[in-house]
Amino acid sequence: MNASDQKRLLREMIFYRRFEERSFEAYMERKIGGFLHLYSGQEAVATGVLEMARCGHDYVITGYRDHIHAIKAGAPPREVMAELYGKETGSSRGRGGSMHIFDPTVNFMGGYALVGQPFPLAAGLALACKHKGTDQIAICFLGDGANNQGTFHETMNMASVWKLPVLFVCENNLYAIGTRIDRSTAVTDQYKRVAAYDIPSSQHDGQDIDVVMAAATNAIAHVRGGKGPYFIEFMTYRQRGHSMSDSNAYRSKEEERLWLERDPLKIYGERLKKAKILTDKDIAAMEKSVLEEIENDIIRFAEESPEPRVEDLNKYCLDDKPDPRWIGPLTQGEQHG
Amino acid sequence: MAEIAYWEAIRRAHDEELAHDHMVIAMGEDIGVAGGTYKATSGLYQKYGAARIIDTPISENSYTGIGIGASMAGVRPIIEIMSINFALLALDTLINAAAKIRYMSGGRASCPIVMRTPGGTAHQLAAQHSARLARMFMSTPGLRVVTPRGPLDAYGMLKSAVRCNDPVIIIEHESMYNMRGEVPDEETFRPLEGAEVVRGGTDITLIGYNYSVHLCLAAADKLAAMGVSAEVLDLRALRPIDRDSIRRSVEKTHKVVIAEEDEATVGVGSEIISVIIEECFFALDAQPVRVHAADVPVPYNRQMEKAAIPNADDVLAAALKVLGRV
């Protein structure tokens, strides 16, 4: 990876952090409603894995902490922010909100609020890739908490039996909402759990993007090479609560402090400085340009975009232009009476 | 025009749609090598191979979810769930995912799946194999729900469901798979919307869907012998409901019986009576009557099972009550 790519990656991660923190502010101003789950602290995982994937070609799917996965997959950040604002220009036309970002134009197939539901959907996307005979793969990002759903076990089994081209990325941030992993899960090393399904797996540091990229490269090569699914676990930590309504009373200040020292932006920034690729001044300038972009372009777009029309309430429930050959109504000639 | 069995009609629809479009696949428990519990996919594994006729493990929620995920990427899966009772395990992927993905993506993604499943009582299958549950699916926005009463609709509605871009739930019936009926030799599509007047009449309307249409037809024969002209309306689709056809029939006969094999509470009959009240309350000459199952889990004992489930005589008795003949 050359220096310009390294600089771009650091800027991307800074951008993702600022995007999330700015949406926190908009939430406090009540411009964003509902539930808001922020990705701050886990940026190296989605950024590193998707850097090694073929975004726009491969399918990407995740849970409700989905803004950054969508953006790195190729969804325009303006549209993601407009979705948080519930606007017609949003990724999901204001109908989905924070937890349901979709952009099928880049094969980002959604954020889902049901924990563990994306497992089978991801395997289905992979089944479609295999059926069409393309070299696409499906990448499913979920947290450690999702692995206690039945869908985890059912899907791992089928993905393995059918050798589906799907990469399961487990972002182990140690907490299932507010319950620490060792209090809810018999086997805390998540990568060990898929051994029961004969799926190769590995565990890595999720805070160091270089480690993430190296691990993802191998995992993606395995899956794209037709060898079936792979399960990759990254140890990470969310810096904010599960959602905005989180008391955060279940974690110790000491634990939070230790993980803040392992902030992925800090780790990568220090490395680039040490390698003389960037100076403190360069990083400060990067921060400034990110803040300006978010304020002047992204927030402005979201603020100025129109609301969906209430008259369109029933739109998108079913296919709005159905073919009468399949739908009907039944003609007189088709009636028996 | 040949007379074929209900299961043969479903098998023919599968075969034609699999031949028509490589993107069509079928998946479910025992549908491939074993040929399907009700033979609805027999021989297709040999013809189309393991990649398109997929035998799944007993994991209803996730194999349904896999079908849904595949449909988002252009595949057209026909998903069989062996019994509607087992579909309860797949409600997360069916109702939380398939029914909502188009809407919550602002129309940018869609899930053109077909889920076929038999719902209904057969012969002493007891509580966990006798649920009907149509009422649960018909209350879910984002789904289409159809209930073919015979081979023609079983064939033609499945073909339409495969082509349609919405998730379609097809509710079959364990007691109908061997029922025979005429199906045209040439390819035919039957629409997924619209009730059908199966038998014209002027004195009373008997409304049914799925198996209960046959109870209505049998009751109509007995009524005819008594000099009463009963109209039988097959709803065909429970979602969306064809409100116009219900209104037209009630405006003609002014009297209604609704026959459902399911329990009555928050059910098909309650919905139809609401439609009638909203559409044509003043056309009614008598209070509508529902014929329905007892409000209990279906018992195993033969006599008790019989007592729990409505039959043609129950429909007849309800009609006579509405007609003021009792």
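Conventions adopted
Residues numbered from 1 in each chain as written. Chains lettered and ligands numbered in written order. Predicted model: local features only at pLDDT ≥ 70, side-chain atom pairs only at ≥ 80, totals over all residues. Heavy atoms only, no water. Core = buried A, V, L, I, M, F, W, Y, C linked by side-chain atoms within 4.5 Å. Buried < 20%, exposed > 50% of the residue type's maximum accessible area, 1.4 Å probe, protein only. Helix = DSSP H or I, 4+ residues; strand = E, 2+ residues; numbered from the N terminus. Domains from an automatic or database assignment. Contact = heavy atoms within 4.5 Å. Salt bridge = Lys/Arg side-chain N within 4 Å of Asp/Glu carboxyl O. Pairing = 2+ DSSP bridges. Axes fitted to C-alpha atoms, helices over the stretch in contact; angles between N-to-C directions. 1 Å grid on protein atoms, 1.4 Å probe; cavity = no way out; pocket = protein on both sides within 12 Å on 5 of 7 lines; lining within 4 Å. Points joined across faces, edges and corners; volume = space filled by probe spheres on them. Nonpolar A, V, L, I, M, F, W, Y, C, P; charged D, E, K, R; others polar. Buried area = accessible area lost by both parts, 1.4 Å probe. Polar contact = N/O pair within 3.5 Å; in protein donor to acceptor, adjacent residues only side chain to side chain.

### Structural notes on the nonpolar core
And then number 1: Membership of the largest hydrophobic core comes to 88 residues, with the highest contact counts inside it found for A:M156, B:M72, B:I101, B:F137, B:I246 and B:I272.
And then number 2: Sort the elements by how many residues they give to this core and helix α5 (residues 118-132) of chain A lands first, with nine residues.
And then number 3: Both domain 1 (2-183) and domain 2 (196-322) of chain B contribute no fewer than three residues apiece to this core.
And then number 4: Sequence-distant contacts of B:F137, defined by excluding residues within four places in its chain, comprise B:I84, B:A87, B:L91, B:L94, B:M115, B:L143, B:V145, B:I169, B:I171 and B:R239.
And then number 5: If you look at the next biggest cluster of nonpolar residues, it comprises 61 residues, including A:A44, A:V45, A:L272 and A:I294.

### Things to note about the environment of B:A219
All names here are of chain B.
And then number 1: Tracing the backbone through its elements, the reader meets A219 in helix α8 (residues 212-225).
And then number 2: Owing to a relative accessible area of 0%, A219 belongs among the buried residues under this scheme.
And then number 3: For A219, the residues in contact, after removing those within four places along its chain, are L206, A312, V315 and L316.

### Considerations on the pattern of salt bridges
Side chains that carry opposite charge are capable of pairing whenever their charged atoms lie near each other.
And then number 1: Considering all chains together, one arrives at 66 salt bridges over all chains under this definition.
And then number 2: What you see here is one network of salt bridges that share partners, running through B:R12, B:E16, B:E17, B:K159, B:R163 and B:E187.

### So, the sheet that holds strand β12 (residues 237-239) of chain B
Sheet strands associate in pairs through backbone hydrogen bonding, adopting either a parallel or an antiparallel arrangement.
Residue and element names in this part refer to chain B.
And then number 1: The mixed open sheet is built from seven strands, whose spatial order is β3-β2-β4-β5-β7-β6-β12. The sheet is open, and its two edges are formed by β3 (53-55) and β12, each paired on a single side. Geometrically, the sheet is characterised by an average inter-axis angle of 20° between neighbouring strands, direction not taken into account.
And then number 2: Where strand β5 (residues 114-118) meets strand β7 (residues 168-172), five bridges bridge the pair, whose relative direction is parallel. Note that in β7 the partner of P118 across the bridge is E172.
And then number 3: Of the strands in this sheet, β2 (24-28) and β4 (76-80) touch helix α3 (residues 60-72), which is tilted by about 165° from β4.

### Side note on the layout of surface pockets
And then number 1: Considered as a void within the structure, the largest pocket measures approximately 410 Å³ in volume.
And then number 2: Forming the boundary of the largest pocket are 15 residues, of which B:T121, B:A122, B:H123, B:E305 and B:K306 lie nearest the centre.
And then number 3: Among the elements that line the lining of the largest pocket, the one with the most residues is helix α11 (residues 302-308) of chain B, at three residues.
And then number 4: For the lining of the largest pocket, the per-class residue count stands at five nonpolar, six polar and four charged.
And then number 5: Counting the residues that make up the lining of the largest pocket, at least three belong to each of domain 1 (2-183) and domain 2 (196-322) of chain B.
And then number 6: Of the pockets and cavities examined, the second largest pocket occupies roughly 350 Å³.
And then number 7: In this structure, the second largest pocket is lined by 24 residues; those nearest its centre are A:Y64, A:R65, A:L142, A:G143 and A:D144.
And then number 8: Mapped onto the lining of the second largest pocket, the elements with two or more residues apiece are β3 (138-143) and β5 (175-176) of chain A.
And then number 9: Take the lining of the second largest pocket: its biggest share by element is three residues, from β3(A).
And then number 10: Residues of the lining of the second largest pocket, tallied by class, amount to 11 nonpolar, nine polar and four charged.

### Brief notes about the side chain of A:S243
Residue and element names in this part refer to chain A.
And then number 1: Here S243 lies in the loop between β8 (230-235) and α10 (253-261).
And then number 2: Owing to a relative accessible area of 9%, S243 belongs among the buried residues under this scheme.
And then number 3: Not counting chain neighbours up to four residues away, the residues in contact with S243 comprise F35, L36 and H37.

### Regarding the domain arrangement of chain B
Residue and element names in this part refer to chain B.
And then number 1: Per the domain assignment, the segments making up chain B are domain 1 (2-183) and domain 2 (196-322).
And then number 2: Taking only C-alpha atoms into account, the centre of domain 1 sits 26 Å from that of domain 2.
And then number 3: Contacts between the two partners involve 34 residues from domain 1 and, on the opposite side, 31 residues from domain 2.
And then number 4: Both faces considered, domain 1 and domain 2 share a buried interface measuring about 2,600 Å² in area, 50% of it formed by carbon and sulfur atoms.
And then number 5: For the domain 1 face of the interface with domain 2, the top three residues by lost area are Q124, R135 and R149, together amounting to 30%.
And then number 6: Applying the counting criterion to the domain 1 and domain 2 interface returns six salt bridges.
And then number 7: Among the salt bridges present, the one from R135 reaches E263, with a minimum N-O distance of 2.7 Å.
And then number 8: At the junction of domain 1 with domain 2, the criterion picks out 22 residue pairs in polar contact (both at pLDDT 80 or more).
And then number 9: Secondary structure elements with two or more residues in the side of domain 1 that touches domain 2: α6 (134-138), β6 (144-146), α7 (151-163) and β7.
And then number 10: When residues of the side of domain 1 that touches domain 2 are assigned to their parent elements, the largest contribution, four residues, is made by α6.
And then number 11: In terms of residue class, the side of domain 1 that touches domain 2 is made up of 17 nonpolar, 11 polar and six charged.

### Observations concerning the interface of chain B and chain A
And then number 1: Residue-level contacts link 58 residues of chain B with 48 residues of chain A.
And then number 2: Here chain B meets chain A over a buried area of about 4,500 Å², counting both sides, of which 65% is carbon and sulfur.
And then number 3: Broken down residue by residue, the surface that chain B buries against chain A is led by B:Y103, B:M104 and B:R108, which jointly contribute 19%.
And then number 4: For the pair chain B and chain A, the number of links is one salt bridge.
And then number 5: Notably, a salt bridge pairs B:R108 with A:D103, separated by 3.1 Å at the nearest N-O pair.
And then number 6: In this structure, the connection of chain B to chain A is made through 16 residue pairs in polar contact (both at pLDDT 80 or more).
And then number 7: Those elements that provide at least two residues to the side of chain B that touches chain A are β3, α3, α5 (91-104), α7 and β9 (196-199) of chain B.
And then number 8: With nine residues, α3(B) is the single largest residue contributor to the side of chain B that touches chain A.

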